[in-house]
Amino acid sequence: MQQSLKLDQFSSFKDLKMLLQRTMQGFTEMIVNLMKSQHLFESQDFPLYPLRLFGNLQSFVTIVKVHYTGYLNANEVSSPFASGIQLDKPDPDAEDYPHPEIYRKVIGKLLYLGFTRPDIAFITQQLSQFMQKPAKIHWDAAVHVLRYLKGTRFVGLFYSKDNDYQLTSYCDSDWGSCKITRKSVTGYCVMLGSSLISWKSKKQCTVSTSSAEAEYRAMARTVCELKWLSYLLPEFKVPVILPIPLNCDNQAAIYIAAIPVFHEKVKHIDIDCHVVREQVNKGFIITPYVSTDFQLADLLTKNLTSSQMRFALSKLGLFLMSPSST
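This structure is a prediction, so every number in the text was calculated from the model and none was measured. (Residues numbered from 1 in each chain as written. Predicted model: local features only at pLDDT ≥ 70, side-chain atom pairs only at ≥ 80, totals over all residues. Heavy atoms only, no water.)

S.K.: Report on unusual backbone geometry, specifying residues and quantitative values.
M.R.: Between Leu242 and Pro243 the backbone carries a cis peptide bond, its omega angle lying at -5°. In the Ramachandran plot, Tyr165 falls in the positive-phi region, its phi being about 60° despite a non-glycine side chain. With respect to the secondary-structure elements, Tyr165 resides in the loop between strand E1 (155-157) and strand E2 (167-174). One non-glycine residue with positive phi stands out, namely Lys237, at about 60°. Of the residues examined, Lys237 reaches a relative accessible area of 75% and is grouped as exposed. (Helix = DSSP H or I, 4+ residues; strand = E, 2+ residues; numbered from the N terminus. Buried < 20%, exposed > 50% of the residue type's maximum accessible area, 1.4 Å probe, protein only.)

S.K.: I'd like a description of the packing of helix H6 (residues 211-232) against helix H7 (residues 251-258), backed by residues and values.
M.R.: Remark: H6 packs on H7, axes separated minimally by 8 Å, with the N-to-C direction vectors making an angle of 60°. On the basis of the axis angle, H6 is oblique to H7. As for how H6 packs across H7, the hand of that crossing is right-handed. On the side of H6, the interface is formed by Ala212, Glu215, Tyr216 and Met219, while H7 contributes Ala252, Ala253, Ile256 and Ala257. (Axes fitted to C-alpha atoms, helices over the stretch in contact; angles between N-to-C directions. Parallel < 35°, antiparallel > 145°, perpendicular 65-115°, else oblique. Left-handed = near helix turned anticlockwise from the far one by under 90°. Contact = heavy atoms within 4.5 Å.)

S.K.: Any details on the layout of surface pockets? Residues and values, ideally.
M.R.: Where empty space is left becomes clear once a probe the size of a water molecule has been rolled over the atoms. Roughly 580 Å³ of volume is contained in the second largest pocket. The wall of the second largest pocket is formed by 20 residues, among which Leu111, Gly114, Phe115, Trp199 and Lys200 lie closest to the centre. Elements that contribute at least two residues to the lining of the second largest pocket include exactly helix H3 (100-113), helix H4 (121-127) and strand E4 (195-203). Per-element tally for the lining of the second largest pocket: the top contributor is E4, with 8 residues. Of the residues contributing to the lining of the second largest pocket, the split by class is 10 nonpolar, 6 polar and 4 charged. (1 Å grid on protein atoms, 1.4 Å probe; cavity = no way out; pocket = protein on both sides within 12 Å on 5 of 7 lines; lining within 4 Å. Points joined across faces, edges and corners; volume = space filled by probe spheres on them. Nonpolar A, V, L, I, M, F, W, Y, C, P; charged D, E, K, R; others polar.)

S.K.: Talk me through the packing of aromatic side chains; I want residue IDs and the actual numbers.
M.R.: Scanning the model with the defined rule gives 5 aromatic pairs in all. On the numbers, 6.4 Å between centres and 70° between planes, the contact of Phe158 with Phe319 is edge-to-face. Of this pair, Phe158 sits in the loop between E1 and E2 while Phe319 sits in strand E7 (residues 318-320), and the two are 161 residues apart along the sequence. On the accessibility criterion, Phe158 (45% relative accessible area) is partly exposed. For Phe319, a relative accessible area of 36% corresponds to the partly exposed category. Here the basic side chain of Lys227 rests over the ring of Phe284, its NZ or CZ set 4.6 Å away from the ring centre. (Phe/Tyr/Trp six-rings, centres within 6.5 Å; stacked < 30°, edge-to-face > 60°. Lys NZ or Arg CZ within 6 Å of the ring centre and 35° of its normal.)

S.K.: I'd love a proper account of the pattern of salt bridges, names of residues and values included.
M.R.: Tallied over the full model, the rule gives 8 salt bridges. Between Asp96 and Lys133 there is a salt bridge, with its nearest N and O atoms 3.9 Å apart. Note that Asp96 is positioned in the loop between helix H2 (57-69) and H3 and Lys133 in the loop between H4 and helix H5 (136-151), a separation of 37 residues in sequence. Given the relative accessible area of 42%, Asp96 is considered partly exposed. The residue Asp140 makes a salt bridge to Lys136 at a minimum N-O spacing of 2.9 Å. Taken together, the residues span about one helical turn, with Asp140 and Lys136 both in helix H5 at a distance of 4 residues. A cluster of three or more residues bridged by salt bridges with shared partners is formed by Asp172, Asp298 and Lys302. (Salt bridge = Lys/Arg side-chain N within 4 Å of Asp/Glu carboxyl O.)

All quantities given are derived from atomic positions and should not be read as evidence of function.
Shown next as structure tokens:
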């Protein structure tokens, strides 16, 4: 019978760390040998790349670019968004990409990488809409993301040891941004102190008739995430300080949450109204207004300029790390 390990079996943290390192190394060798046996590498002499607890982005980018694009010397770019390309604009004359299975594999790996890279969350969400029948422009945009990752392979999330454990959230929406369905995009991010712990970029399920409605749906989705975190964090002995600020840049949506008389005018989003309003009344959240210039969730709903992206990433704790630390 397999016995479970307990922390008190280790005499020091160093012993536990050594065991984890050996376990990860063994896991790495097992995965690489399996991939080689399935001919997923072009050469049996492909170097063994070590895995870290949060992944090795340099290794990830190298493997993806070698296997799926066939080159390593592509020029680096400063933004994940390719300028001048309308990904969701219907074009019946658009050239189909001849290898959709490769496109799906690359997008799948970008979705996985998005667990630690919020800067590619929005573009990956956009590209994942065309998995069934990608066009040539979608493949070009995916390669553009890989070129961006190549230039930012040493960028990572920074988690400070000094933390006040105050949850703070930002939510935003881009109203009717999809040119095909006219659905809006929801984006939110949640900070624990100065550390980013949760984020999301997702197209809304229904069409909103106003920007306030789209924003309010984003608020309701963020409230659900905050409720889940309020149950999870105490399991790790992390206190949840109430109320939690839910920063929003749409004053109409804030008024709907704060003033019940507005609910008569928004009966078509009645459930979302109740979700947000109930948590406001309970003192679980407050809804301060934040200027669009300081709305960090913009990163998850639209294409930003280089200066706007640098500002948002610095506030979210995405910094250039030392190559030796990766």
